[in-house]
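Now for the letters of each chain:
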Amino acid sequence: MGRFRRWSWPLTMLLLPLVLMGWASVQGWRADDVLREAQIMRQWLASPSDAWVQQLSRDERKQVISPEGRRTHFQSQVDKVDSDHAWIRLRQALAALAYWLAFAALVAGPATWLKLRVDAWRALSARDFLYDRLFPCWRALGRWLVAYTALLVGALALSLLYELSWGWSHFKAGGWFMLLVAVPVIAVLWIGLMLIERLRQQWHALDSPSSAFLGQAMGRDKAPALWAWIELLAADTGAPMPDHIVIGIDQSFFVTSVDVVLQPAGDVLRGRTLYLPLTYLTTMSQVETASIIGHELGHFSSRDTERGSEIGAYFNLMCLHFSFISAADADPAWIERPAIWMTQRFLHHFQVAVHHWGRAQELVADRVGSKIAGERLFCQALLRVIALDGEIDTLLAERRHANLIQALAEHLRHTPLRLSDTVLQHAIAHPFDTHPPTALRLRQLGVALDASLLAQATRTPTEHDCQWFSQLTASPSPQPDANDVRHKTL
């Protein structure tokens, strides 16, 4: 069943236009055949010879009993065609136009797929192409999918108008039944139009993206000591300062250059934002936190790393918009499947490129983070973040703690942190980027995962771990010692 589903969706991209082309061809033949039969009857009526009768169909000849009966029958048929002649010509035009719209969709589908694959290959081969062309490629895909779906909807609508016209002209001869059959086709048309509207809205929405997070902005006036400390870390890493520092609880450490909407206040932050999670800030030492923040600031240390972070953020927003485009429907209508499948393929193939270059930038940022207190201390902090990650996620999922920070401290006093061998394949959760596996990150920094490193990374939080950040943010006049930041040991 899974294999059939995997192949049925792309085949739909070809089958739908082909089915519509076949339907339009049959409709065109029906209109042409009526006019051809009427012309034969006119020729017979104008000639005393019965030779023209031989050109009629077998069914028509069976209906003719005598020359007079034949003449009367032919005349009634010709009169009926003459009275409906304008509508027949209209139906011919509808069928022809529906055929060519379906043919255009048949060409547009594979052409869009081919362009998608070529662009994804170029993005994987060249970082600059990914950074410069991801958004244009996404917007181009949106325009192509709107055009493709519109062609299908147009061809289906014209074929439906054909049948409605035929049903109305032959209402007394059973045409009313065709009017009933048209009801499900109208439903399909409505679904197609709604898909076009979703495509237009969501692709347009990506022009002004933003991300919403639960948190509070800490301005320089609120936490001068914190800002002074971050300035020392930025100076050590050679990175520019963030424009905003946000304290939250439901994410890990991250930086971003996209607009951030803070909840519940609704404040919009533009520029570089550094997000600091209070859950980790109260369970890690200051020097461990400094190393992690150094890594995050490393994303701002060069334009390439910052652009890579932005690309990761925008790509995740594309994935979020896709969830709205697909309407979270596990079994979408047939007319929706080509566009949904094509968008899935775009995200899949470009995800390979985004992760490839994103992981390369993460390793560069690891080097920057290790400048704070050395490679081993950075790896210790990295492992501690991973060890805490599972415990914090568990408490967040429970949603039954009035004070999450106190609940976390109590939980860690009774539940020791653990790091198994599988941690080497673990990648830290991040709202924008996919980090490389931990084993690769340690290997790139030349640090071995020994018992001492694991013991330090999984220790029970000390009193200093729990209090240093609150002391830092409560200090009215901060003068942090740069040597303390660089050389402090646990």
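Values in this document were obtained by computation on a predicted structure and should not be read as measured data. (Residues numbered from 1 in each chain as written. Predicted model: local features only at pLDDT ≥ 70, side-chain atom pairs only at ≥ 80, totals over all residues. Heavy atoms only, no water.)

1. Brief notes about the overall build of the protein chain
A count of helices and strands for the protein chain gives 17 helices and six strands. By residue count, 48% of the 490 residues in the protein chain fall in the buried class. Surface exposure of the protein chain reaches about 23,600 Å², of which carbon and sulfur atoms provide 59%. (Helix = DSSP H or I, 4+ residues; strand = E, 2+ residues; numbered from the N terminus. Buried < 20%, exposed > 50% of the residue type's maximum accessible area, 1.4 Å probe, protein only. Areas by Shrake-Rupley, 256 points an atom, 1.4 Å probe, with all protein chains shown as cover.)

2. Digging into the nonpolar core
Counting 50 residues, the largest nonpolar core has Leu226, Trp229, Ile230, Phe253, Leu276 and Ile293 as its most contacted members. Those residues in contact with Leu226 that lie beyond four places of it in its chain are Met218, Ile245, Ile247, Leu276, Phe469, Leu472 and Thr473. With 49 residues, the next largest nonpolar core counts Met21, Leu116, Leu145 and Phe322 among its residues. (Core = buried A, V, L, I, M, F, W, Y, C linked by side-chain atoms within 4.5 Å. Contact = heavy atoms within 4.5 Å.)

3. A look at the confidence of the model for the protein chain
Low-pLDDT stretches of the model should not have their predicted coordinates read in fine detail. In the predicted model, the protein chain carries a mean pLDDT of 79, and 77% of its residues have values of at least 70. Per-element confidence in the protein chain ranges from a low mean pLDDT of 39 for helix α17 (residues 482–487) to a high of 93 for helix α9 (residues 286–297). Confidence drops under a pLDDT of 50 for residues 477–490, and excluding neighbours within four residues, the segment shows 28 contacts in the predicted structure. (pLDDT = per-residue confidence, 0-100.)

4. Topic: the UniProt feature "transmembrane region" (unreviewed entry) in the protein chain
Here, UniProt's "transmembrane region" (unreviewed entry) annotation points to residues 97–116, 137–162 and 174–196. With 100% helix and 0% strand, residues 137–162 has its two end C-alpha atoms placed 37 Å apart. (UniProt positions renumbered as here; feature names shortened; annotations may be inferred.)

5. What to know about helix α12 (residues 375–398)
Along its 24 residues, α12 runs 35 Å from first to last C-alpha, staying within 8% of the 34 Å computed at 1.5 Å per residue. Along α12, the sharpest kink reaches roughly 30°, centred on Asp389. Residue Arg399 follows α12 closely and has a positive phi angle near 50°. (Expected span 1.5 Å × (residues − 1). Bend = angle between axes of the 7 residues up to and from the residue.)

6. Re the packing of α9 against α12
Where α9 meets α12, the axes come as close as 9 Å, and the angle between the chain directions of the two elements is 90°. One element, α9, and the other, α12, form an angle in the roughly perpendicular class. Where α9 abuts α12, its residues Val287, Glu288, Ser291, Ile292 and His295 lie against Leu377, Phe378, Gln380, Ala381, Leu382, Arg384 and Val385. Of the residues assigned to the contact of α9 with α12, the class counts are seven nonpolar, three polar and two charged. (Axes fitted to C-alpha atoms, helices over the stretch in contact; angles between N-to-C directions. Parallel < 35°, antiparallel > 145°, perpendicular 65-115°, else oblique. Nonpolar A, V, L, I, M, F, W, Y, C, P; charged D, E, K, R; others polar.)

7. Observations regarding the pattern of salt bridges
Within this structure, the stated rule accounts for ten salt bridges. Asp259 is the partner of Arg270 in a salt bridge, and the nearest nitrogen-oxygen pair spans 3.5 Å. One end of the pair, Arg270, is in the loop between β5 (268–269) and β6 (273–277); the other, Asp259, is in strand β4 (residues 259–263), and eleven residues separate them in sequence. Judged by its relative accessible area of 56%, Arg270 is exposed. Assessed through its relative accessible area of 22%, Asp259 is described here as partly exposed. Of the charged contacts, one joins Arg376 and Asp450 as a salt bridge, the two residues approaching to 2.9 Å between their closest N and O atoms. Placement of Arg376 in helix α12 and of Asp450 in the loop between α14 (438–445) and α15 (451–457) is noted, with a sequence separation of 74 residues between them. A cluster of three or more residues bridged by salt bridges with shared partners is formed by Glu288, Arg384, Arg459 and Asp465. (Salt bridge = Lys/Arg side-chain N within 4 Å of Asp/Glu carboxyl O.)

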